Amino acid sequence: MNTLVQFFTEHLAKILSKEAAIFIISVMPVLELRGGLIAASLLDIPYLKALVICILGNLVPIPFVLFFIEKLVLFLESNKHTERFARIFRSKVDKHKETIEKYNLFGLTLFVGIPLPGTGAWTGSIVAGLIHMNRRKAFLSIILGVLLAAAIMSVISYGILGTIIH
């Protein structure tokens, strides 16, 4: 992920302000807030400013994903050219479904908040949308998960580990 973050940081910072670059990185699937905070530390953006921008960037797409992912997947399943992709997509969601359903909203919060590959607000909202979780409760869980991820990534990006990595 660091290579991807460095790539986008380098290229976006050439054409946008530093703040806009970390916002866009935080919106992106896979990179999300985690990548945004790493990029912010590389760009020497003050911590609190970076934190607010990255949290907002990570949360912007989530309501859209929660409300429209089911419709998108159903559309993909109805088309013979994209049906296979939709089935693969659903099978990947099914891998996380049991864990999230078992622990419900707390599980969704942890799934979004613990910075591991394949987790995060995008994946959490996709799973929540496809398993028909209550959208308001899911959004609240995702917000809490993003805040947990922010706390963890703050230590990594701006804390002791951030000093070692630079």
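Structure's up top.
Residues numbered from 1 in each chain as written. Predicted model: local features only at pLDDT ≥ 70, side-chain atom pairs only at ≥ 80, totals over all residues. Heavy atoms only, no water.

Engineer: Is there a simple way to explain the packing of aromatic side chains in this structure?
Structural biologist: Aromatic ring pairs: the centre-centre distance and the angle between the two ring planes describe each pair. Scanning the entire structure with this criterion turns up 2 aromatic pairs. Where Phe7 meets Phe8, the ring centres are 5.3 Å apart and the plane angle is 80°; that geometry is what we call edge-to-face. (Phe/Tyr/Trp six-rings, centres within 6.5 Å; stacked < 30°, edge-to-face > 60°.)

Engineer: Before we go on, may I ask you to explain helix α2 (residues 18-27) in this structure?
Structural biologist: Since the α-helix turns once every 3.6 residues, residues separated by three or four places project in the same direction. For α2, every residue scored as buried is listed here: Ala21, Ile22, Ile25 and Ser26. Projected onto a plane normal to the axis of α2, the buried residues spread over an arc of 130° and lie on a single side. As for α2, its buried residues are in contact with α1 (2-15), α3 (32-42) and α4 (47-59). (Buried < 20%, exposed > 50% of the residue type's maximum accessible area, 1.4 Å probe, protein only. Helix = DSSP H or I, 4+ residues; strand = E, 2+ residues; numbered from the N terminus. Arc of directions from axis to C-beta. Contact = heavy atoms within 4.5 Å.)

Engineer: Mind showing me how you'd approach the packing of α2 against α4 here?
Structural biologist: Each packed pair of helices is defined by two parameters, the angle between the axes and the distance between the axes. Following both chains from N to C, one finds α2 and α4 inclined at 40°, their axes separated by 7 Å at the closest point. Comparing their axes, α4 and α2 come out oblique. α2 and α4 meet at a crossing whose hand is right-handed. Judged by residue contacts, Glu19, Ile22, Phe23, Ser26 and Val27 of α2 engage Lys49, Ala50, Ile53, Cys54, Leu56, Gly57 and Asn58 from α4. Of the residues contributing to the contact of α2 with α4, the split by class is 7 nonpolar, 3 polar and 2 charged. (Axes fitted to C-alpha atoms, helices over the stretch in contact; angles between N-to-C directions. Parallel < 35°, antiparallel > 145°, perpendicular 65-115°, else oblique. Left-handed = near helix turned anticlockwise from the far one by under 90°. Nonpolar A, V, L, I, M, F, W, Y, C, P; charged D, E, K, R; others polar.)

Engineer: Would you mind going over the side chain of Thr119 with me for this structure?
Structural biologist: Secondary-structure assignment places Thr119 in the loop between α6 (83-113) and α7 (121-130). In this structure the side chain of Thr119 is engaged in a polar contact, spanning 2.7 Å, whose partner is the backbone oxygen of Leu116. With residues near it in sequence (within four places) discarded, Thr119 still touches Glu32, Arg34, Phe111 and Ile114. (Polar contact = N/O pair within 3.5 Å; in protein donor to acceptor, adjacent residues only side chain to side chain.)

Engineer: Can you help me understand a nonpolar patch on the surface in this one?
Structural biologist: Together, Ile15, Leu16, Phe23, Ile24, Val52, Leu56, Val60, Phe64, Phe67 and Phe68 make up an exposed nonpolar region whose accessible area comes to about 940 Å². The set of elements that each furnish at least two residues to the nonpolar patch consists of α2, α4 and α5 (62-78). The leading source of residues in the nonpolar patch is α5, at 3 residues. For Ile15, the position within the fold is in helix α1. Ile15 sits in the exposed class, given a relative accessible area of 69%. (Patch = residues over 30% accessible without salt bridge, like charges linked within 9 Å, V, L, I, M, F, W, Y side chains within 5 Å. Areas by Shrake-Rupley, 256 points an atom, 1.4 Å probe, with all protein chains shown as cover. Salt bridge = Lys/Arg side-chain N within 4 Å of Asp/Glu carboxyl O.)

Engineer: Help me understand empty space enclosed by the protein, please; the structure alone is not making it clear to me.
Structural biologist: Any empty space left between atoms is shown by rolling a water-sized probe over those atoms. Per the stated rule, a full pass over the model turns up 1 cavity of 30 Å³ or more. For the largest cavity, the calculated volume is near 40 Å³. Secondary-structure elements contributing two or more residues to the lining of the largest cavity are α3 and α8 (135-158). Ranked by residue count, the leading element in the lining of the largest cavity is α3, at 3 residues. Its residues assigned to classes, the lining of the largest cavity comprises 5 nonpolar, 2 polar and 2 charged. (1 Å grid on protein atoms, 1.4 Å probe; cavity = no way out; pocket = protein on both sides within 12 Å on 5 of 7 lines; lining within 4 Å. Points joined across faces, edges and corners; volume = space filled by probe spheres on them.)

Engineer: Hey, could you run me through the environment of Ile88 in this one?
Structural biologist: Summarising the element assignment, Ile88 is placed in helix α6. Along the primary structure Ile88 and Glu70 are separated by 18 residues, whereas in three dimensions their C-alpha atoms are 14 Å apart.

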